[in-house]
Amino acid sequence: MRALEERIRREGLILSDTVLKVDSFLNHQVDTALALEIGQEFKRIFAGKPITKVLTIEASGIQFAMATGIALDVPFIYAKKKKAVTLAEQVYTAPVHSFTRQETYQVSISQKYLGPDDNVLIVDDFLATGAALVGLVNIVRESGATLSGVGCVIEKGFQEGRGLLEEMGVEVHSLARITKMSPGEIHFAEADSPAAIKEKV
Ligand code: 5GP
């Protein structure tokens, strides 16, 4: 997605070879028009799939799941990272290890909102190690719902997330795929090319 790549080049802060900060427009302050465009783009990419629910994980996937839910005219669900006392009913849970925080936490979703009749599109802001998304895929499988695929706003293609998801048989689409970065320099893969094959500078 060209507009997204240009925005990353203009405003993204590359803190190291692995960490990109985009909190001026994606995941702290949010450009709402861009978020809605992202929702439309996921609708276009997954057209033809009978999606009934969009699923994400709190907090920074929520704006994109909502935008995608609006585009598809379906509800979105966000998995909670801490089990709230109000979540008293039966829940699906999965452990997720956060490499940025160096801790493992349980994500949970009420069983009321996901079941065998659902067709799910998972959406998140970043695909990095894939830990968060693998946890969500396992929850969808446990619920008996069908998984249409995973849509990520930014993929760091040099980390192992895509490989893990594809090994699980999951279709993955990302709107901006970074093949390589370092402070002052960023490379994106050509749209729809196999991972890390054709780069543009
Ligand atoms: P995972 O390693 O499970 O694929 O990524 C987990 C979460 O860490 C992502 O959803 C995202 O919120 C956050 N994350 C991973 N890499 C980056 C990064 O380079 N920049 C920012 N801002 N967040 C990241």
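Right above here is the structure, for reference.
Sequence positions are assigned chain by chain, starting from 1 and proceeding in written order. This being a predicted model, a pLDDT of at least 70 is required before a residue's local features are given, and a value of 80 or more before pairs of side-chain atoms are given or counted; all residues contribute to the totals for chains, interfaces and linings. For side-chain calculations, the full set of non-hydrogen atoms in the structure is used, while hydrogens and water are omitted.

A short note on the environment of L127
Logical step 1: Relative to the helices and strands, L127 is located in strand 7 (residues 119-127).
Logical step 2: Residue class for L127 comes out buried when judged on its relative accessible area of 0%.
Logical step 3: When the C-alpha atoms of L127 and S174 are compared, they prove to be 8.3 Å apart, with 47 residues separating the residues in sequence.
Logical step 4: Contacts are assigned to residue pairs with any non-hydrogen atoms lying within 4.5 Å of each other. Each residue touching L127, except ones within four places of it in the same chain, is listed here: L133, C152, I154, E155, K156, G161, R162, L165 and V172. Secondary structure counts use DSSP, requiring at least four H or I residues in a row for a helix and at least two E residues in a row for a strand, with both numbered from the N terminus. The buried label applies to any residue whose accessible area, calculated with a 1.4 Å probe on protein chains only, is under 20% of its type's maximum; exposed applies above 50%, and partly exposed to all values in between.

Some points on a nonpolar patch on the surface
Logical step 1: On the surface, L13, L15 and V19 cluster together to form a nonpolar patch covering roughly 270 Å² of accessible area.
Logical step 2: Structurally, V19 can be placed in the loop between strand 1 (13-14) and strand 2 (20-21).
Logical step 3: The exposure class assigned to V19 is partly exposed, which follows from its relative accessible area of 36%. Only residues above 30% relative accessible area that lack a salt bridge enter a patch, with like-charged residues linked at up to 9 Å and the nonpolar side chains Val, Leu, Ile, Met, Phe, Trp and Tyr linked at up to 5 Å. Note that accessible areas follow from Shrake-Rupley with a 1.4 Å probe, and for residues the cover is restricted to the protein chains shown. In what follows, salt bridge is the name for a side-chain nitrogen of Lys or Arg lying within 4 Å of a carboxyl oxygen of Asp or Glu.

Re the pattern of salt bridges
Logical step 1: Overall, the coordinates contain nine salt bridges when judged by the stated rule.
Logical step 2: By sharing partners, the salt bridges in this structure join E155, R162, E166 and R177 into a single network.

A short note on the site of the ligand
Logical step 1: Here a residue is considered near a molecule or strand provided that any single heavy atom belonging to it is located within 4 Å of it. Around the ligand, the surrounding shell holds 15 residues, and the nearest of these are L20, A128, T129, G130 and K156.
Logical step 2: In this structure, L20 approaches the ligand through a main-chain N or O atom, which is 2.6 Å from a nitrogen atom.
Logical step 3: Within the backbone of A128, an N or O atom sits 2.9 Å from an oxygen atom of the ligand.
Logical step 4: Coverage of the ligand by the protein chains reaches 80% of its 500 Å² of free accessible surface.
Logical step 5: Using only the protein atoms, space was sampled on a 1 Å grid; points where a 1.4 Å probe fits but cannot get out form cavities, open sets with protein on both sides within 12 Å along at least five of seven lines form pockets, and lining residues are those with an atom within 4 Å of a point. Molecules are considered to sit inside a cavity or pocket once more than half of their atoms lie within 2 Å of its grid points. In a pocket analysis with a 2 Å cut-off to the grid points, the ligand is assigned to the largest pocket.
Logical step 6: Of all the secondary-structure elements, those providing two or more residues to the shell around the ligand are strand 7 and helix 4 (131-143).
Logical step 7: For the shell around the ligand, the leading source of residues is strand 7, giving four residues.
Logical step 8: Gly falls in the polar group here, along with every residue not listed as nonpolar (Ala, Val, Leu, Ile, Met, Phe, Trp, Tyr, Cys, Pro) or charged (Asp, Glu, Lys, Arg). Classifying every residue of the shell around the ligand gives seven nonpolar, five polar and three charged. By the criterion applied in these results, polar contacts are pairs of N or O atoms within 3.5 Å in which, for protein atoms, one can donate a hydrogen and the other can accept it, and in which residues neighboring in sequence qualify only through two side-chain atoms.

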